[in-house]
Structures are given as structure tokens and as C-alpha cells.
Amino acid sequence: LKLQFLYLIAPGRHRAPARPPLPSYTQQMLAKMLTAAATGGARARAAVVALALLSLWLILKALRPGKRGGGKRPVEGAGAGKKNGKKPGVKGAVGKMWALLCPKLLKFDMGGGGWQVWGILLLSLIRMYLMDQASRIVQRLDHNAMTRDQAVFWKGFYDQCKLAVVACVHRQTYKYVENSLALEWRRKLTSMLHVEYFNARNYYAVNAAAAQGGENAGAVALPPIPDSDERITADAKEVSTQLAHAFCESIYASTAGTFFAFKLGQFYGLHLAVAPYVYLWTMIVLTKVVAPTNLGKWIGEVKRLFGEYKSAHEHLITNSEAVAALQGGPFERDTLTAKFKAAIKKARQFSKVALWPNFVEQLAFTWLLRSFMSAFVVGPHIYFPYDNKYNLKTIEGIAQLKGDVGHQFVLVVQSMIAAGTTAKMLNQVGRISGAAGRVYELLDRLKGYSKDASAQADQVAETDDIQFSHVDIQTPDGTLLVKDLTFSLKKGESLLLTGHNGAGKSSIFRTLGGLWEAKTGTIGKPRFGSHAAGALEKGGVYYLPQKPYNVTGTLRDQLCYPVIGATAAVLSDEAIAAILGEVKLGYLASRYGGDEQVAWGDVLSLGETQRLAIARLLVHEPDFAILDECTSAVSGEMERKLYEEVLGGSRRTAYITISHRPVLRAYHDKLLTIGIGEGRWTCETLNKADYQAETSRTAAVAAAPQHQQAVAASPRGDAAKANGPRQVAFGDFLSLLGRGLPKQKLLHIAVVVLSVGAQVGIKVATTRQMGLLLGAVFTRDKAGFKRLMRDSILCNLAAALFEQGIAYLERHTAETMMETLTKDLLEKYMKNNAFYKLAQCGGGIADPQARIAADLRAFTTNTAALIPKFIRPCVELAWFSAVLAKLVGPAKVSYFGAYLLVGGVFIKVAMPAFSREVAKESVLEGGFRASHARVKQHVESIAFYSGGAREKSVVDREFKQVAKHSQQLLWQTWKFNLVNGAIIREAPFIIQWLLRNEYSKTVSDAQVIKDGGAKLGRAQGFIFDSTNQMFQCVGDLLSFQEHLENLYGLVGRITELSTRLDELHGDDGVKSASKVALLDSADRLALEGVTIATPTGIALAEDVTVTVPAGESLMVTGHTAVGKTSLFRVLGGLWKGRGGTVTRPAKAAELFLVPQQVFMPLGTLADQITYPKRVAACDAAEEEKLAGYLELVGVRYLCDRHGWGATKHWDQILSLGEQQRVGMARLFYHQPTFGVLDECTSAVSVDAERKLYDAAKKHGITCVTISQRLALSEYHTQELNFSEEHTKGWALSATK
């Protein structure tokens, strides 16, 4: 002030008094330029427009791709990552998203958000008009506040009421169009991601584990993106929402900034027009210098860690039975806890790092803005008075000054808002960059894969048969598996492919299927059917992969997979029943029909899944079939039927089988053996007659009628119907709040309350300073103005400090609550295998992982803001009510009580059931996420089936439901906000004029002339600010119930999960009237009179009695769905059975279960062997010991190839045979007395199987083997056969 900086904002229409010489030539030139522009008429106004348009240029420049992200898009295909795999810059990522989403406006493109964009442009122009009209009305009413002409007042008041109605509709429509634009852009971005994700098997490439050296390594040399599903389902939503908001705000900032700057320059001089933008550019530079932290990078890292935490939950829920069988609950709990702690630690660090940048931003663009806004309006009137224009000795002169100041104030406020919005949007670009960079990286990677796939397609020729000519089979990291492979298979021929685990058997067909690239040679194969929507194209090549995949849908969808939208016209109900009858699954047709939607992965056993895959061959009738260990869990009779009737007979389908079992040679013409050494291979012709005798014997032993006893279709469904939806009570919320808050609850709440109270006090002082500053216009006290400006800046500085302090307290509270509640829920979830029991008897809870990982985070974030949201308006309402009562009297203030009551009731009646809608939205979003998670879990099977188009139709359908519900919710919100906005926002602005008018009646003309209207001006300023603050408090209190309603949806889902877990711990989730008794014995396993039953009570076998002494192994045989795996569950304590007595070792180490579904935990190679025990660090002796177990099962090369310490996705890296061998190494590491083996050696050769049983006998492990057929009988002394032929469903006999 002492350097007369206000000279730069001197009024343009009046000559200023003499000023001291400026201290530098630069300042003198700047002063001359500004003075010339201020008196330049039209040129000056043109300069104002140009300056205002710079705000739009700044935003567009921020959105434009930076140097790192601009130019030609790098193709990040195979091998390209090392050269040009750089990620886009901060601005580049946002700019790329903007270029993809924004429609072509100049071409009047109305799709993809086009009409919303044009709507925003039109509504922005209407908004400018409404604000201009509002400024004119304010000018008239402020003028009348001094003249106190009631006729003029009421005319202006009615104009204000009409304008408020229009403004309310406009404001809510603007929000609706903005949210609609965000939803439309999410549709557009999700559609683009889905198209690229499911194109050319990109979903496989992006999720595969690259450069790991295993047979099942990824398809590309670039590292995988493990959270691709999170980027599509969550990040795309965030990018669309934030980018739409940034666009809408930027449009308003540019249009309104231009318009109001022009108005200010036209009426009050260039100084007021330029000042907001000078302030804006200065603060932008200062904030970049003072707080240069890249928050977008931090936000992206926090999202990545929470995404890994969610993925760990998905991994657990997918393998819940295997984890429970292996007693891996503590291990998985530690894994989840470690990932959660890493995420919450990074979130806490982000809260601290963001404190200073957020403080600087809020101070510069919110709080100091208030002080300088007053200075811009009031300062010129004090330092350069308009004596020749305003006669302050008359009421009319004072009124004219008051009206002009009010008009200036409104215009400056709008211009400042526009300038501040520009600055905020520039900062927002950096915040969006975290999510935008993740989405852009995924999209760019997918496009690169598509180009690589097109190039790779040229290497595969379309022929009438399958041909390999001088092809080297290599892993993506270059490891040679098979060298110079050459063979051919014509129609009607068959080939058996064999070799040790890791030799490259499955790799050959990954290459044939296009999942891996052939570096040398040529490949020929028939075209695979395109399977357009509703069309079943027969012929070509059909794959039955190692890991069967069950798509969620109808039985018709299962059989016709990957056909999209299969109907009865494609496959009738009669055809379904006939085909299922051929594979002994006829009971599925009678139980489910062809059109019932079923989660087949939860219903079918492994044997049923493999039979259903065989049924698919009957439907598709391919010319060539690739069978990759696809009969390991079916009986010998079913296997014979597959080869002799399904593939052979009149169909004469050519086929290639990958298997270790010599018995299958009887069904093949050729034998291809690989893994001989140094990539060598041999191919020979087989004489089927030499193997027919062995095949006939095996078939005779295994032949038996198919057991078709009813099995529980879906335990979850029955429980869901029994329990029904749970009602949410306020007590549930209080219970979660009490459990989640820190231990020193009262102290914590007291700190928050005191902080909020201090902030309110500062806010009141700031409001008082504003009133005094406006009153200073009339007193023209320069010293007082300087003092008021100093006090105002200090108050705003303190307000910014307290605001960020409270925001930090909110984040800290949310993180503490999330940490406490997550620990509590995880403890319940993992205790006594509750995660598995929940999957069996979930009571309608199909997404526990989403409730723990996502809903809990949203709940704690929203709950932490409740205390300030409630306390702040209460304290402010009381304080400002007292101030207002002194000015207008208690009677007038009492009107607010009536308004609060009436408005609260009205809003409550008009409010939709937001809690129900939020809960529904969470369920739909959870279903969308689950669909993508399912694709990620089964990428290889889907890729072999060429099921990308079918899976795309599924996720598109799920997303369509999400978008439809979101659109309906937007419409409901718009209708409600019309009422809510009128009561909360528009009414205050109208009522404050009534109160100001009432107060003005109490002041005489003499008093106004005596002090130049200073007292009246200050009082009306107090009334204006106090009324607005009070109504804002009323609005916050009225919307508090709405906030609670929204929160109740999350509370209900979390409480329902917690309650269900408590119930499971109470009754074990079993509906049995009589549970089994458990006895401890270290030297025998026994069942005495135990009925094997599902958790829903359906009996599979009655009064089972069998004893297995230590050293005498038992073989459990039987067809699919007769109860073999159920016996496994009862022995392992996963199911309780009904009645009788179960005798087993009490010590967990004495009984070890090796489940049907091989489970590879998230961890190191050492963890795969020691699971569920976790070894912190392996010394040389421990490593040698573990290597010995790998050598025992024939896969020692894994430790040489991968090392012991690297954490990898082993279920993607290792083949099924390798995984089964590692599972057996696990058994030998723990050396239990008893080992229960459920079809766990189906993918290893007979010779290797014999070695494994010899090793088990040597280690003193008594085996209970579950198998489709009696094999290796010399290693077992008893056979327990399950079949409906037996009276009670079972029979026990000796094998020797």
C-alpha cells in the first residue's frame, strides 16, 4: 500500500491526484500502458476481452499433451516397451483423455456427450445473463437501501423472487447436464476400453505375467498390468467425472470471466477488469513455486496400492475352498493385512504431503480472494474518491454510491469466481493426472497389442489341416522349449502329445491359438468360427484347455459358449437335454432348464465342469479339437465315450490330446514326445491295437451307472431367501462409529469440536471485517482501511489454517476408523474359515470382498466428515443468530426457527429413498467389478475359447445396468434438488433483503447524512453476510439427513456382513439338526455312522463308516457328484456332516489336505512350498531343503529359473502339472501323518504319480486318495466306493 500499488487499479474515467514518482522505469512504463488502456474506450474493452480469454487459453494449454505425451503415440507392443514405453506426462495423460472424450463441436457431433456439451455452452450463456440481471437488481435494491422507497423496494424484491425461481431451475439443470456428461463420457471411455480390451485377446496379453520364464509366462515382453479391472471399473469413472467437472467449470470460467471483465471495464474502468486476472496469474505462479508437489502422482500410487489390496481379496474369494482345506487362513490374513497396511500407510503419507499444497491453494484461491476482492472494490473509493460524481451530503448521492458499490461488488465477485475457477481447474488437471495416466497407459498398451496381433496374424496361414513347419516354441522371454517343430494333422487323424512338466506341451497350443508369437517357421490351421450374436458356426478348431471355465449365465450359454446371446432357436431345450444325457449330466437340464441364470462356478464340481466342456464339443462339432488334460476328473467310461463316440464314430473329429497317461495311446494315431533335451522331439505312428486290452480293463473297472442324486444347487440362494433383506437402523451406524473411532473418543471429538468452534469464530471475525470494509467506503478512513485489510488478511490466513487442520483431522479420522474396522472385519472374516463358510452359506452376500475393501473405505471417509458437518452449522447458526438478533430483533430471527421446521419437513417428504438407491448402486458396481475380476482370473481359458466377444457382451450388460441406474438416480436427484435448492440456496438471498429493508426503516435520514451512510452500510453488510451464513447452516442441517440416508446404504451392507459373520461363528453355518462328534486320534482316521450332507442339509451318503489306520492308505472312488469331495470336506472339517463320530488328529500338522483346485498363494516360490507356513527368510540350508522337495516331485528347475525371493503370480506362471507337483512338494514339506489327496495328480504322468506315492510312503504319510477310478491299487489297502447302486450310497472293500 505504501508503494501505491493501488495506482495500478485506479479508476479509468477520472483523473487521479498527484502520486509519488515510481521507483523504476519498468513500473513507469506499466503505469503509462495501463493509463492509456484505461482511457482507450473500445480498444481498452478489446484488451479486457483478450485478457479474460487468456484464462481459457491457460486451461486448454494445461489439457494439451506435454512434450512427453505429445506427438505420435508410441506403440507399446511386444518388444517396444524398452524403446518408447514412456508414460505420458501429467498434462499429456489428461490431454489424451480430453482428446478421446470431447466430441467434435465444429462438426456438430451430438453423440458421445455432444448434446450435453452444447447444453453446457448454452446454460453458461444463460447463467451470465441471469447474473447480469441479478447485479442490476442488486444495484437497484442497494440504492433503495439508502432512499428507503418502499414501492421501489417491493418492485425490486418481486423481480428478485422471479429471478430466483429461474436461477434455481437453471442451477439444478446445469448440475444435471454436467453429471449426465460425466456419465456419457464414462459410457464412451468404458466402451473404448472394452473394445480394445477384448480385441485380439488383449485381455490375455495385458494380464499375463511377462518375462517370468515359466511355461505359462505372459504373452508379451512388457510387464503385466495387474489391476486392469480396477482401471476399467473405477479409474475410468473417476476420470470421466472429474474431467466433465473441469470442462463445465472451465466453460463457465472463460465465458463468465470474459463477460464480467467486459462489464467491469465498461462501467468502472480497466483496473477492476484486470485486477482478478493479475491476482490469478500471480497466485498461480506463487503456488507453483511455494508448493510444487505433484499430488496426482501420489493419488495414483494410493489407488494402485488399494487396487492390489482389492485384488488380494478377489484372489482369496476365488480360491476359498482350497485356502480353507490347506488351513491357509492365517497366511491369507497376513497377506491381506500387509497389503492393507501398505495402502493405508501411503494414504497417511499422502495426507501429510497434501497438507501444505492444499493450504497454499485454499489460501490463495479462496480465503485471500475475499480480502483482495474487497480491496479491489473499496480501495479506489477511499484513495481516489469520486467527489464530482457522488454528493455524499444528500441521500440520493449516498444511495448512488451504495448502489454502485453493490453493483461493482457483484461484478467483481463473479469475475473473481471465474478467475478462481480457472486457477482451481489448472490445479485440478494435476490431480486428475493420476487416474488419467493409469487409464491412458492401459488404453495405449491395448492399442499396441492390437497392432502386434495384426502383425502376428500374418504369420499364421489358413489351411484345411493343422501344420507346424520348422517352428521354434519359445516363452515370451526367449527361453527355448521345442526346436524346429514340424508335424501335421489332417481331418480324421489324432495325435497324443506327451512330455514332462515344463517341457512346453501347453506352450505349443498357446502358439497355435495365437496367445504366443512364433518367432520362426510357419503355422497353418483352419479358421475358428466368429460366433456372431445368436449364430452357432460349426467346424474349425475348438480348444478344451487345462483350466475349465464356466461362464455365468444359462445352461444354454454354457453349451454354446462362446456364442453371444444364444437362444432356443440356436439350441432348443430338447437338444440340451439330449446332449447332456450323452455326457451323463441329464439331471442338470431337469434341475435348471435352459434359461435360468446360474453362477456355474459355484455349483459344478471339477468333474461336472469337464463333462460340460465335453458337451460343448457335441454342440460345436469342430473339425479339430485340442484337449489339454481335460479329462483328469472324469471316469474311464466317460473318457472312453469321449474318444470313441464324441470324437470318433460318424463325426470323425481330428484331435490332439495333451496327457501323461499311456492308456490314451489306444485312441490316437500318432505320438509326439517333447522335452527329450535341448528342445528335441520325436513323432511316431501308434498301433492302437497294442493298447486296446489295457483300455478295456480300465473301462470295465470304472464302469458304473451315473449317480444322479440331487445336490444343493446353490447354498447361497436358499439362505438369501430365508434371511431376506436386512433393515438398517441408526443403532447400526452408532455401533460402527463406536467401534471405529480412536480409543480416546472423547478427546478426539473434543479436539474436532474445539477446532470447528475456533474456525467458526474466525469466520465470524472475517464476516465482521467484510462489513467494516464496506462501511469504510463512506468514512474514507485510509488508516482504518489499512488496518482492516491487515486484520482481514490475518483472519483469512487463520481460517485457511484451521480449514486444512480440520480437513487433516477428517482424513486422519477416516484412516483410523478404516484401520480399526478393517482389522475387526478381517479377524471375523478369516477366523475359523469364515470366508469359506460365507461362500457356502452366504445369506445372499455374494460380494464380501467389495464390502470389506470398497464399501468400508467409502463409509469411513463419509463418516469422518459427519462431525464437522453437524457441529459447524450448529455453532454458526447460534452465533450468527445472536448477531442478527441485535440488528433486527429476536422476533425476526424467530422466523428462522419456523423456516427450519417447515423446510426440514418438506425436504424429508420430498427426499427419495437415497439409502436404497446407493445400496443398489453399490451392488451393480460390485457386479460390474466382479465380471471383470472373473475375466482376469480365467484369461487363458477364455483366450483359448476365443471367448472375448462373449465376455465383452457380459461386462457390457453389467455396465449397461450400472449406467441405467445412474441415469435414473440423476433424474431423481434433479427433481429433489429443485426443492432442496429453493429452500437452502435461493430463500436466503431473498429473505435477507426483507431483513435489510426492515432495518433500514429504523434509521433516519439525519443519521444517514451525518455519517455518510457508514453505519447503515456496515449494518446491512452484517445482515447480508449473517443471513447468508445462517441459511447456509440451515441448509447444511437440512441436508445432514440426506447425507445420513446416503450413508445408510453403506452401513447396511457392512453391518449385514458383520452380523452374518457373527452368525457363522455361532452355528458354523450348518443347518444340521445333529452335528458330528469329533474325537482326537494321532494314529487313525475314522468315520462312524456319519451322514455326508451339504451345508443346506441334502444327504449324499448315509451312515458312512470307515477306518484308516496309520500306514494303510484308502482309495475313494466314484463318479461325478456322488460325494467324494464332500467326504474330503468332512475329513478336513470344512463341512460338519450329520450325526455319528469323526476321528482325526487334533493337531493341524498331523492331517494335511491337498485339494482338487490347486492353490498358489500370492508370495515367493518358497511360500508355495511352505504354505500355509510363512518363512520370513531362507538361508542356504533352508533353500537346499526346499530345492530337495522340488527335486523329489520333478520340478527342481523352478528354483533355478525363478529364484526363491521373487513374488509372482504363480497361478499364471506355472502349468497345471507344475502346480500339482508343487502341491505335492507342499505335502512332503509338512510331512503329516495323514494326507487327503483330492484328484491332485491328474495332470502328472503315471510314472511320476508312482514316484510321488513312493515318496509319500517313504516319508510315512498315509494317503486317502480321491479319484474317479481305482488306480495304483498297490499303494492302497481299501477302496471306498460312492454310488447310488449301494443301499446307503457307499461300499467299502479291500483292494488286495
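Up top is the structure.
Here is what the cut-offs are and how they apply
Residues numbered from 1 in each chain as written. Predicted model: local features only at pLDDT ≥ 70, side-chain atom pairs only at ≥ 80, totals over all residues. Heavy atoms only, no water. Pairing = 2+ DSSP bridges. Helix = DSSP H or I, 4+ residues; strand = E, 2+ residues; numbered from the N terminus. Axes fitted to C-alpha atoms, helices over the stretch in contact; angles between N-to-C directions. Contact = heavy atoms within 4.5 Å. Buried < 20%, exposed > 50% of the residue type's maximum accessible area, 1.4 Å probe, protein only. Patch = residues over 30% accessible without salt bridge, like charges linked within 9 Å, V, L, I, M, F, W, Y side chains within 5 Å. Areas by Shrake-Rupley, 256 points an atom, 1.4 Å probe, with all protein chains shown as cover. Salt bridge = Lys/Arg side-chain N within 4 Å of Asp/Glu carboxyl O. Lys, Arg positive; Asp, Glu negative; His and termini not counted. Charge placed at Lys NZ, Arg CZ, Asp CG, Glu CD. Expected span 1.5 Å × (residues − 1). Parallel < 35°, antiparallel > 145°, perpendicular 65-115°, else oblique. Nonpolar A, V, L, I, M, F, W, Y, C, P; charged D, E, K, R; others polar.

## With respect to the sheet that holds strand β1 (residues 460-462)
- The four strands lie next to each other as β1-β5-β2-β3, forming an open sheet whose pairing is mixed. Every interior strand has two partners, whereas the edge strands, β1 and β3 (480-489), have only one. Averaged over all pairs of adjacent strands, the angle between their axes in this sheet comes to 25°, without regard to strand direction.
- Of the strand pairs in this sheet, strand β2 (residues 466-474) and β3 are connected by six bridges, and their pairing is antiparallel. Paired with V471 across the bridge in β3 is L485.
- Contacting β2, β3 and β5 (522-525), helix α15 (residues 505-512) crosses the sheet at an angle of about 115° to β2.

## Here's the deal with the sheet that holds strand β9 (residues 670-674)
- Strand order in the open sheet formed by six strands is β6-β7-β8-β4-β9-β10, with mixed pairing between adjacent strands. Here the strands that pair on one side only, and so sit at the sheet edges, are β6 (541-544) and β10 (681-685). When the angles between neighbouring strand axes are averaged without regard to direction, this sheet yields 15°.
- Sheet topology note: the strand β4 (residues 494-498)/β9 ladder contains four bridges and is parallel. For L497, the partnering residue across the bridge sits in β9 and is L672.
- Across the face of the sheet, helix α20 (residues 606-620) comes into contact with β6 and β7 (624-628) while running at roughly 170° to β6.

## A word on the pairing of strand β18 (residues 1262-1266)
- Buried residues dominate β18, accounting for five of its five residues.
- Side chains T1262, V1264 and I1266 project from β18 onto one buried face, and the interleaved C1263 and T1265 project onto a second face that is buried too.
- Both strand β14 (residues 1114-1118) and β18 contribute to a ladder of three bridges, which runs parallel. From the neighbouring strand, M1115 faces β18, where its bridge partner is T1265.
- In the sheet, strand β17 (residues 1234-1238) pairs with β18 via five bridges, with the strands oriented parallel.

## Quick word on a positive patch on the surface
- A grouping of R916, K920, K960 and K964 is seen on the molecular surface, where their side chains present a positively charged patch.
- The set of elements that each furnish at least two residues to the positive patch consists of α31 (914-937) and α33 (948-1000).
- Residue position: R916 is located in helix α31.

## What to know about helix α29 (residues 866-888)
- Its 23 residues place the ends of α29 32 Å apart at the C-alpha level, agreeing with the 33 Å of an ideal helix rising 1.5 Å per residue.
- For α29, the complete set of buried residues consists of L866, P868, I871, P873, E876, L877, F880, S881, L884 and V888.
- Of the residues flanking the end of α29, it is G889, one or two places downstream, whose phi is positive at about 100°.

## Section: the packing of helix α12 (residues 329-353) against helix α26 (residues 782-830)
- Taken N-terminus to C-terminus, the directions of α12 and α26 make an angle of 180°; their axes are 11 Å apart at the nearest point. Here α12 lies roughly antiparallel to α26, going by the angle between them. Across the interface between the two elements, G329, E332, R333, L336, T337, F340, I344, A347, R348, S351 and K352 of α12 pack against Y808, R811, H812, E815, T816, M818, E819, T822, L826, E827 and M830 of α26.
- For the contact of α12 with α26, the per-class residue count stands at eight nonpolar, six polar and eight charged.

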